[in-house]
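Structural overview
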There are 2 protein chains.
Amino acid sequence: MAAAGDGVTDVDDQVNDALKALANPIRRQMLGWLRDPRANFPTGQGAADLDEYGVCVSQLQEKAGLAQSTVSSYMASLERADLVIGARVGKWTHYRRNEERIARLIEVLDRTL
Amino acid sequence: MAAAGDGVTDVDDQVNDALKALANPIRRQMLGWLRDPRANFPTGQGAADLDEYGVCVSQLQEKAGLAQSTVSSYMASLERADLVIGARVGKWTHYRRNEERIARLIEVLDRTL
DNA sequence: AAATCGCATCGACATATCGCGATGTGCCGG
DNA sequence: CCGGCACATCGCGATATGTCGATGCGATTT
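For every chain, the first residue of the written sequence is number 1, and numbering continues from 1 onward in sequence order. By the order in which they are written, chains take letters starting at A while ligands take numbers starting at 1. Where totals are concerned, whole chains, interfaces and linings use all residues; where local detail is concerned, this predicted model gives features only for residues with pLDDT of at least 70, and gives and counts side-chain atom pairs only at 80 or more. Side-chain metrics rest on all non-hydrogen atoms present in the structure, leaving aside hydrogens and water.

The name that an unreviewed UniProt entry assigns to chain A is ArsR family transcriptional regulator, with the source organism given as Streptosporangium saharense.

Examining the sheet that holds strand β1 (residues 55-56) of chain B
All names here are of chain B. If DSSP finds at least two bridges between two strands, the strands pair. Comment: elements are numbered from the N terminus, with helices defined as DSSP H or I runs of at least four residues and strands as E runs of at least two. Strand order in this open sheet of three strands is β1-β3-β2, and the pairing throughout is antiparallel. Two strands lie at the open edges of the sheet, namely β1 and β2 (84-89), each paired on one side alone. Both β1 and strand β3 (residues 92-97) contribute to a ladder of two bridges, which runs antiparallel. Bridge pairing in β3 links C56 to H94. In this fold helix α6 (residues 68-80) packs onto β2 and β3, with an angle of close to 120° to the strand it touches most, β2. Any two residues having at least one pair of non-hydrogen atoms within 4.5 Å are treated as being in contact. Axis lines are fitted to C-alpha atoms, over the contacting stretch for helices. Their N-to-C directions set the angle, which ranges from 0 to 180 degrees.

A short note on the relation of the copies chain A and chain B
The operation relating chain A to chain B is a screw motion whose rotation component is 180°, with 0.0 Å of axial translation and a residual RMSD of 0.0 Å. What we have between these two chains is a two-fold relation. Nearest to the rotation axis, the C-alpha of A:L19 is located 3.0 Å from it, this being the minimum over chain A. The share of interface residues of chain A whose copies in chain B are also at the interface is 100%, consistent with both copies meeting through the same surface. Least-squares superposition aligns the copies on the C-alpha atoms of those residues with pLDDT at or above 70 in both.

Notes on the interface of chain A and chain B
Counting residues at the interface gives 20 residues for chain A, matched by 20 residues for chain B. Buried area is calculated as the accessible area (1.4 Å probe) missing from two parts once they are joined, with the contributions of both summed. Here chain A meets chain B over a buried area of about 1800 Å², counting both sides, of which 62% is carbon and sulfur. Counting the surface chain A buries against chain B, the share from its top three residues, A:R28, A:I106 and A:L113, is 37%. Salt bridges are counted wherever a side-chain nitrogen of Lys or Arg sits within 4 Å of a carboxyl oxygen of Asp or Glu. Where chain A packs against chain B, one counts two salt bridges. For B:D12, the salt bridge goes to A:R28, with nearest N and O atoms at 3.3 Å. Counting of polar contacts relies on pairs of N or O atoms within 3.5 Å, with two restrictions inside protein: one atom must be capable of donating a hydrogen and the other of accepting it, and residues adjacent in sequence are counted only when both atoms are side-chain atoms. The interface formed by chain A and chain B holds 12 residue pairs in polar contact (both at pLDDT 80 or more) in total. At the level of elements, α1 (11-22), α2 (25-33) and α7 (99-112) of chain A are the ones that each hand at least two residues to the side of chain A that touches chain B. Asp, Glu, Lys and Arg are counted as charged, while Ala, Val, Leu, Ile, Met, Phe, Trp, Tyr, Cys and Pro are counted as nonpolar; the rest, among them Gly, fall into the polar class. By residue class, the composition of the side of chain A that touches chain B is 10 nonpolar, three polar and seven charged.

Concerning the packing of aromatic side chains
We describe a pair of aromatic rings using the distance from one ring centre to the other and the angle between the two ring planes. Pairing of aromatic rings covers Phe, Tyr and Trp, the last counted by its six-membered ring, and requires centre-to-centre distances within 6.5 Å; plane angles under 30 degrees mean stacked, over 60 mean edge-to-face, and any other angle means tilted. On inspection of all chains with the given rule, the structure shows two aromatic pairs over all chains. On the basis of an interplanar angle of 85° and a centroid distance of 6.2 Å, the ring pair of A:W33 and A:F41 is categorised as edge-to-face. Across this residue pair, the class does not change: A:W33 and A:F41 are buried. When the ring centre of A:Y74 is taken as reference, the NZ or CZ atom of A:R27 above it lies at 4.8 Å. Directly above the ring of B:W33 sits B:K63, whose terminal nitrogen or CZ lies 5.5 Å from the centroid. For every residue, the accessible area obtained with a 1.4 Å probe (protein chains only) is divided by the maximum for its type, and the residue is called buried under 20%, exposed over 50%, and partly exposed between those limits. The criterion is that NZ of a Lys, or CZ of an Arg, lies within 6 Å of the ring centre and within 35 degrees of the ring normal, and then a charge sits over that ring.

Some remarks on the protein's contact with DNA strand C
Nearness is defined per residue: one heavy atom within 4 Å of the molecule or strand is enough. Neighbouring residues of DNA strand C: 20 residues in total, closest A:S58, A:S72, B:A67, B:T70 and B:Y74. The separation between a sugar or linking oxygen of DNA strand C and a polar main-chain atom of A:K91 is 3.4 Å. The contact in question runs from a phosphate oxygen of DNA strand C to an N or O atom on the side chain of B:T70, over 2.9 Å. Residue assignment for the surface near DNA strand C shows that the elements contributing at least two residues are α5 (57-64), α6 (68-80) and β3 (92-97) of chain A together with α6 of chain B. For the surface near DNA strand C, a count of residues per class yields seven nonpolar, nine polar and four charged.

So, the environment of B:S58
Residue and element names in this part refer to chain B. Its location among the elements puts S58 in helix α5 (residues 57-64). Judged by relative accessible area, S58 falls into the partly exposed class, the value being 37%. Along the sequence, S58 and T93 sit 35 residues apart, while their C-alpha atoms lie 9.1 Å from each other.

Laid out in structure tokens, this is it:
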């Protein structure tokens, strides 16, 4: 067998995707902002509870000062790397950290690097 | 002041360089091989003691199956990221892991990611 | 139903990275 | 002093990434 959960996805490929996603200062910073949404973003956008649903793209966009399309694709790459979880609520897409995967990544790096 | 040792080098830039260098399966694997040179490489090339001086480029090249120029530039990027230390002895360049920096990187990632 | 909002996706262009062969360079043995 | 070895650097074409504006699309508001 290959692994536990998914089909063909090798562990090393996942690590590589994560490292590629993290090898960009802006994406790392956005991941950092998501550590404390309430401290980093004004309330009132998207669904009510920032901590539960996460932060929507337009808030990240304004804070980052990049084009909307850029932020969207950045978040998509972080999601593909399993570092964040995106959830659409109404017309907003909320992103929050995937703490389990982040912790797992650190663990794997600590063990295999 | 900016930091301790070097001039303008921001910490975030260093982390970014390290992550970029690590965002490549072959470079990660080469770093892995250097964890135990004696187990992964035959003796008799370069300077005598693999553990002390490290592994020379031609050994890495043969094991990786890549062009010599590729391996050379890969090791250079790992060295620029402070993940390995290169030392020229005679006509060979030996590379060994920079354990302190690797540990520091993991620590920083664990703290700031 | 139409206008609008929030976001994803689509080209497009500039720059960076991948990996190679060829060429340059320092060091060594004869 | 010369040829060869180990490595670095250069130049190259192919692919990937950064970043944008424009367009598409589902959901919402009017």
